[in-house]
Amino acid sequence: MTDELSKPVLKPLVFSPARIFIIASNTVTELVRQKVFNVLLVFGLVIICSSSFWSEFSPEDQFKFMKDFCLGAMVVIGAVMSVVGTAMLLPQELEQRTVYTILSKPVYRIEFLLGKFFGQVCVVFAGVAMMTLVFGGVLYFKELSVKKQVRAELQRAVEVHNLKLEDKLVSDQMTKVENASRDMNLVKAILLMFVNLLLISAITLCISSFSNSLVFTVVISFMIIMIGNMQHIAREAWAGSMSPIKQVFIKVVAFVIPDLQKFNVADDIIVGRVLDWGGTSLTCGYGLMMTLLFLAVAWMFFEFREV
Amino acid sequence: MVWVRCMRKVIEIKNLTKKFVLDWRQRTMTAVSGLDLTVNEGEVFGILGPNGSGKSTTLKVILGLVSPTEGEVLVQGIPAHQVEAHRYLGFLPENPYFYQFLTGEETVRFYGRLLGMKGKALDSRVEELLELVGLLDGRQKRRLRGYSKGMLQRIGLAQALVNDPPIVILDEPTAGVDPIGSREIRDIILELKKRGKTVLISSHLLEQVQEVCDRVCIMDKGVKILEGKLNELVPLQDRVAVTIKNLRPEDMLAVEELIKQRGGEIVEKGQPRSTLENLFLEAVRQRGGKDHD
């Protein structure tokens, strides 16, 4: 028998946020130094900047177009970064055998999994934050240019009709431009986008925790994102003639795949619908709850996975 | 950490069987079958065998990376699948890759931080280990992307020792390493033994294992076929070898005659040669080739 006295005297090993932080910061360094992430980010920034060159619409429509175009680009680039980045996390560790040296140390598998997840999420968030800043800048400069354009048009109209330019008229027009440009709903839309990307990363990690193939993980994740964004269409289309089979199918899909359309509020912003904070908070809560659920399932699979 | 005076069995493998499921039809492949093994404290133990004999699988079970299909593995009396058991282990995997974007120093530091080390204690430990593995010469500042296999192996050894574990597990530590690196790794293993560490080595390079191990176990196709102390297994009990210097041919004939008279038999006779390894080391040393990596 092994003599108990021979064992070194150590404190009990407990779950450690510090270890998660160390693994997360290492993951951030790893991802930041990958070309694919930087290329995606640059691509996103170029798309956002290019939105300001569309000037054949009316001033109001220009802002609508910019918001629609930029929010769409941010969601797509963010989703690609989330899926590709997360899908690569575990296969890379397994292929390069770095996982052996980490999991053979006193590190719980959940700590490893969360460390990788949070590292990836930090990089995606930083990318989306950069795109948000550039989007804000593009909107601001567009506002300045539209104001200048409106003022010039007013001046021209006054000269043609030989009228006097009233300050109130100018001020009203400027306020109109500002209202079209500055929209608090954008803040809520971007907040929802962050939660959406968090959830997409958790879904991808969940698939990656049992999958042996990077391609399988990426394809299935994008399929889930697609179904998650379109399940409301099926619900609405089948609402009139719901056969029991379709009802069960829709319920199963709704149970397994989160309704990602809830996070897409770009259309509401375009039509000028006001998003209230209550609804936004509820949707965020739903997203965070689903994220936890997917992380728990990922942990369950990874805990028993043989590496 | 306080290490209390230790004793005997630090790793116990009882009737270990590991089967891997190959496909959806649940067909299995047996990697290890009914293995019983004990590693005692302070010894250098070698698991030998050809490729596919189950050595690496056995190590993975000890490290809790895969779970046994049957049987039990204990590390310091703790089931190997429990994370608690990993606190007593340091591990160098076969062909270690690590994070290519980190430097050698950053790699050792990363693993040290993961083990809860920080501040000056971590700084001095990292320096000490880099010196031990011979990389404290500027090369520790280079990214691992530019490291040779031998240098990666050294960094692997440094990370395995970062928390000064009582048990060190080395999977093919000299595979792909040149003779100088191989000799240095051998010296490090002997140094670890001197410091009272238990070392478990898996290898198929028999000559190198013979130089460092106290006990060995030979596996083939997942089954243990031989186990014992090296000094009991290797020597041919009924034979003796003598190397004589400056003996004239006529005296040699007299010696042979005497051996025959006393009932002995000369099985082999010849001129001893230096090993190719010694020749290589000597040649490189003469050129002052220290920077072989």
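Each value, and the rule that gives it
- Residues numbered from 1 in each chain as written.
- Chains lettered and ligands numbered in written order.
- Predicted model: local features only at pLDDT ≥ 70, side-chain atom pairs only at ≥ 80, totals over all residues.
- Heavy atoms only, no water.
- Helix = DSSP H or I, 4+ residues; strand = E, 2+ residues; numbered from the N terminus.
- Rg over C-alpha atoms; globule rule 2.2 N^0.38 Å.
- Buried < 20%, exposed > 50% of the residue type's maximum accessible area, 1.4 Å probe, protein only.
- Contact = heavy atoms within 4.5 Å.
- Areas by Shrake-Rupley, 256 points an atom, 1.4 Å probe, with all protein chains shown as cover.
- Salt bridge = Lys/Arg side-chain N within 4 Å of Asp/Glu carboxyl O.
- Core = buried A, V, L, I, M, F, W, Y, C linked by side-chain atoms within 4.5 Å.
- Pairing = 2+ DSSP bridges.
- Right-handed = clockwise from strand over helix to strand, strands pointing away.
- Phe/Tyr/Trp six-rings, centres within 6.5 Å; stacked < 30°, edge-to-face > 60°.
- Lys NZ or Arg CZ within 6 Å of the ring centre and 35° of its normal.

Attention now goes to the overall build of chain A. When helices and strands are counted, chain A shows eleven helices and zero strands. Expected size for 307 residues packed as a compact globule is a radius of gyration near 19 Å; at 25 Å, chain A overshoots this value by more than 25%. Seen through its C-alpha atoms, chain A measures out along the principal axes to roughly 105 × 50 × 35 Å. Considering chain A as a whole, with its 307 residues, one finds that 47% of them fall into the buried category. Restricting the contact set of chain A to residue pairs at least 6 apart, pairs at least 24 apart contribute 82%. Entry remark: accessible area of chain A is about 15,600 Å², with carbon and sulfur atoms responsible for 70%.

Now for the pattern of salt bridges. Close approach of charged atoms allows side chains of opposite charge to pair. Scanning the entire structure with this criterion turns up 31 salt bridges over all chains. Across the pair R186 of chain B and D187 of chain B runs a salt bridge, and its minimum N-O distance is 3.0 Å. According to the relative accessible area criterion, R186 of chain B is buried, its value standing at 18%. D187 of chain B sits in the partly exposed class, given a relative accessible area of 37%. Of the charged contacts in the structure, one is a salt bridge between K224 of chain B and E227 of chain B, with a shortest N-O distance of 2.7 Å. Judged by relative accessible area, K224 of chain B falls into the partly exposed class, the value being 28%. Residue E227 of chain B is classed as partly exposed on the basis of its relative accessible area, which comes to 29%. Salt bridges sharing common partners tie together E143, K147, E178 and R182 of chain A.

The next thing to look at is the nonpolar core. Nonpolar side chains in soluble globular proteins tend to end up buried together. Judged by nonpolar contacts, the single largest core of 152 residues is most densely connected at L71, I102 and F112 of chain A together with I62, I169 and L200 of chain B. Apart from the residues lying within four places of it in its own chain, the contact partners of L200 of chain B are I11, V39, F45, I47, L59, I62, V168, I169 and L170 of chain B.

A few words now on the pairing of strand β8 (residues 198-203) of chain B. Residues and elements named next belong to chain B. For β8, the buried fraction is high: six of the six residues fall into the buried class. Neither face of β8 is open: one carries T198, L200 and S202, the other V199, I201 and S203, and all of them are buried. For strand β3 (residues 44-48) and β8, the ladder comprises five bridges, and the chain directions are parallel. Note on β8: the bridge partner recorded for F45 is L200. Of the strand pairs in this sheet, strand β7 (residues 167-171) and β8 are connected by five bridges, and their pairing is parallel. For I169, the partnering residue across the bridge sits in β8 and is L200. After leaving β7, the chain enters helix α5 (residues 179-194) and then returns to the sheet as β8, a path that is right-handed.

Tallied over the entire structure, the rule returns eleven aromatic pairs over all chains. Their ring planes at 20° and their centres at 5.3 Å tell us that F65 of chain A and F69 of chain A sit as a pair that is stacked. Separated by four residues within a single helix, F65 of chain A and F69 of chain A lie in helix α3 (residues 59-95), roughly one turn from each other. For F65 of chain A, a relative accessible area of 21% corresponds to the partly exposed category. On the numbers, 5.7 Å between centres and 90° between planes, the contact of Y99 of chain B with F110 of chain B is edge-to-face. Of this pair, Y99 of chain B sits in the loop between β6 (89-92) and α2 (104-114) while F110 of chain B sits in helix α2, placing them eleven residues apart in sequence. Grouping residues by exposure puts Y99 of chain B and F110 of chain B together as buried. An aromatic cluster is built from F98, Y99, F101, F110 and Y111 of chain B, whose rings are joined through pairwise contacts. Positioned above the aromatic ring of F20 of chain B is the side chain of K18 of chain B, whose terminal nitrogen or guanidinium carbon lies 5.1 Å from the ring centre. Its guanidinium or amino end placed over the ring of W24 of chain B, R25 of chain B lies 5.6 Å from that ring's centre, counting from NZ or CZ.

A separate point is unusual backbone geometry. Residue and element names in this part refer to chain B. A positive phi angle, near 50°, is found at N15, a position not held by glycine. As for its position among the elements, N15 is in strand β1 (residues 9-21). Phi angles above zero are rare outside glycine, and E172 is one such case at about 50°. You can see E172 is positioned in the loop between β7 and α5. For E172, a relative accessible area of 4% translates into the label buried.

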